[in-house]
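What follows is each chain in one-letter form.
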Amino acid sequence: DAKTTQPTSMDCAEGRAANLPCNHSTISGNEYVYWYRQIHSQGPQYIIHGLKNNETNEMASLIITEDRKSSTLILPHATLRDTAVYYCIVSSTLGRLYFGRGTQLTVWP
Amino acid sequence: DTEVTQTPKHLVMGMTNKKSLKCEQHMGHRAMYWYKQKAKKPPELMFVYSYEKLSINESVPSRFSPECPNSSLLNLHLHALQPEDSALYLCASSQPDRDPETQYFGPGTRLLVL
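### Digging into the side chain of B:Asn75
Residues and elements named next belong to chain B.
- Its location among the elements puts Asn75 in strand E8 (residues 73-79).
- Taking relative accessible area as the criterion, Asn75 reaches 9% and is therefore assigned buried.
- Residue contacts for Asn75: discarding those within four places in its chain leaves Leu21, Lys22, Trp34, Ser65, Pro66, Glu67 and Pro69.

Printed below as a string of structure tokens:
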């Protein structure tokens, strides 16, 4: 599975959009991009996934570049409860999710 | 219902004890997983069960013994653990015949080995 690169940490003001980048330059054609987040001491929570097209759900939007080598997770109106570690994972092998170190997002009032 | 439950929430055990962690889901998922997460590190995959059969063992020491008694339950039996096995143990489930295979996680069991 392709590896991902994310910034170690990011800050965002409450109410503003949080844009979390992820590089996955070695992604293969059949690999999906998943985003999970983990609030302190809780289990990871699925946010969104995509293959080629941009995706949106009630939690976030996922923007994938045309060459699929990078993506951005967008939380449109960040709240204090969005403070968490956000993991970008690229995977095609069913049943295997390999987590990188993720991005610690801190939302401040 | 997208809930995965894990018991107990916390567990303290000695190195000679035998204990078990339990995981349950009622989403009809036929794949279940154990992950281990050390402090300030990402989760690491340990075992995968697919249709109640062990399909992946990520070279986990034999002092960890998984069991899948039915499609809703997953156990992790612990014996002769070491202090370095102290961690958050996470269970997850997914449906194998869906593409992609989104995993849903439980809250974890925080284990301390003394």
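The discussion continues.
### A few points about the packing of aromatic side chains
- Scanning all chains against the criterion turns up twelve aromatic pairs over all chains.
- With 6.0 Å between their ring centres and 80° between their planes, A:Phe99 and B:Phe105 make a pair best called edge-to-face. With one member in each of two chains, A:Phe99 in the loop between strand E8 (84-91) and strand E9 (103-108) and B:Phe105 in strand E10 (residues 104-105) form a pair that bridges those chains.
- Residue A:Phe99 is classed as buried on the basis of its relative accessible area, which comes to 10%.
- A relative accessible area of 10% places B:Phe105 in the buried class.
- Here the aromatic cluster, defined as three or more aromatic residues joined through ring pairs, consists of A:Tyr32, A:Tyr34, A:Tyr36, A:Tyr46, A:Tyr87, A:Phe99, B:Tyr33, B:Tyr35, B:Tyr104 and B:Phe105.

### Some words on the pattern of salt bridges
Residues and elements named next belong to chain B.
- Tallied over the full model, the rule gives four salt bridges over all chains.
- Here Arg63 makes a salt bridge to Asp85, at a shortest N to O gap of 2.7 Å. Of the two residues, Arg63 sits in the loop between strand E6 (53-57) and strand E7 (64-70) while Asp85 sits in the loop between E8 and strand E9 (87-94), which places them 22 residues apart along the sequence.
- What makes Arg63 partly exposed here is its relative accessible area of 24%.
- In the salt-bridge network here, residues are joined through shared partners; they are Lys36, Arg63 and Asp85.

### Brief notes about the sheet that holds strand E6 (residues 61-64) of chain A
Residues and elements named next belong to chain A.
- Here four strands make up an open sheet; going across it, the order is E2-E7-E6-E5 and the pairing antiparallel. At either margin of the open sheet sits one strand with a lone partner, and together these are strand E2 (18-23) and strand E5 (55-56).
- With two bridges joining them, E5 and E6 adopt antiparallel strand pairing. Counted as the bridge partner of Thr56 is Ser61 from E6.

### Here we look at the interface of chain A and chain B
- With 19 residues of chain A at the interface, the matching set in chain B holds 23 residues.
- A combined buried area of about 1700 Å² lies between chain A and chain B, and 55% of that area is made up of carbon and sulfur atoms.
- Across the chain A-chain B interface, the total number found is zero salt bridges.
- Here chain A is connected to chain B by three residue pairs in polar contact (both at pLDDT 80 or more).
- When residues of the side of chain A that touches chain B are traced back to their parent elements, those giving at least two are strand E3 (32-38) and strand E4 (45-50) of chain A.
- Tallying contributions element by element places E3(A) first for the side of chain A that touches chain B, with four residues.

### Points about the state of the cysteines
- Taken as a whole, this structure holds two disulfides over all chains when the rule is applied.
- Bridging A:Cys22 to A:Cys88, the disulfide has an S-S length of 2.1 Å. The sign of the -80° torsion about the S-S bond sets the A:Cys22-A:Cys88 disulfide as left-handed. Here the residue A:Cys22 occupies a position in strand E2, and A:Cys88 occupies one in strand E8, the gap between them amounting to 66 residues. With respect to class, A:Cys22 is no different from A:Cys88; both count as buried.
- Across the disulfide, B:Cys23 is cross-linked to B:Cys91 (sulfur-sulfur distance 1.8 Å). Of note, the bridge from B:Cys23 to B:Cys91 carries an S-S torsion of about -70° and is left-handed in sense. Here the residue B:Cys23 occupies a position in strand E3 (residues 18-25), and B:Cys91 occupies one in strand E9, the gap between them amounting to 68 residues.
- Overall, B:Cys23 belongs to the buried group, its relative accessible area being 1%.
- For A:Cys12, which is in no disulfide, the shortest distance to another cysteine sulfur is to A:Cys22 and amounts to 18 Å.
- A:Cys12 sits in the buried class, given a relative accessible area of 6%.
- Looking at B:Cys68, it has no disulfide partner, and the nearest cysteine sulfur is the one in B:Cys91, 9.2 Å off.

Cut-offs and rules
- Residues numbered from 1 in each chain as written.
- Chains lettered and ligands numbered in written order.
- Predicted model: local features only at pLDDT ≥ 70, side-chain atom pairs only at ≥ 80, totals over all residues.
- Heavy atoms only, no water.
- Helix = DSSP H or I, 4+ residues; strand = E, 2+ residues; numbered from the N terminus.
- Buried < 20%, exposed > 50% of the residue type's maximum accessible area, 1.4 Å probe, protein only.
- Contact = heavy atoms within 4.5 Å.
- Phe/Tyr/Trp six-rings, centres within 6.5 Å; stacked < 30°, edge-to-face > 60°.
- Salt bridge = Lys/Arg side-chain N within 4 Å of Asp/Glu carboxyl O.
- Pairing = 2+ DSSP bridges.
- Buried area = accessible area lost by both parts, 1.4 Å probe.
- Polar contact = N/O pair within 3.5 Å; in protein donor to acceptor, adjacent residues only side chain to side chain.
- Disulfide = S-S within 2.5 Å.

That is the geometry; function is a separate question.
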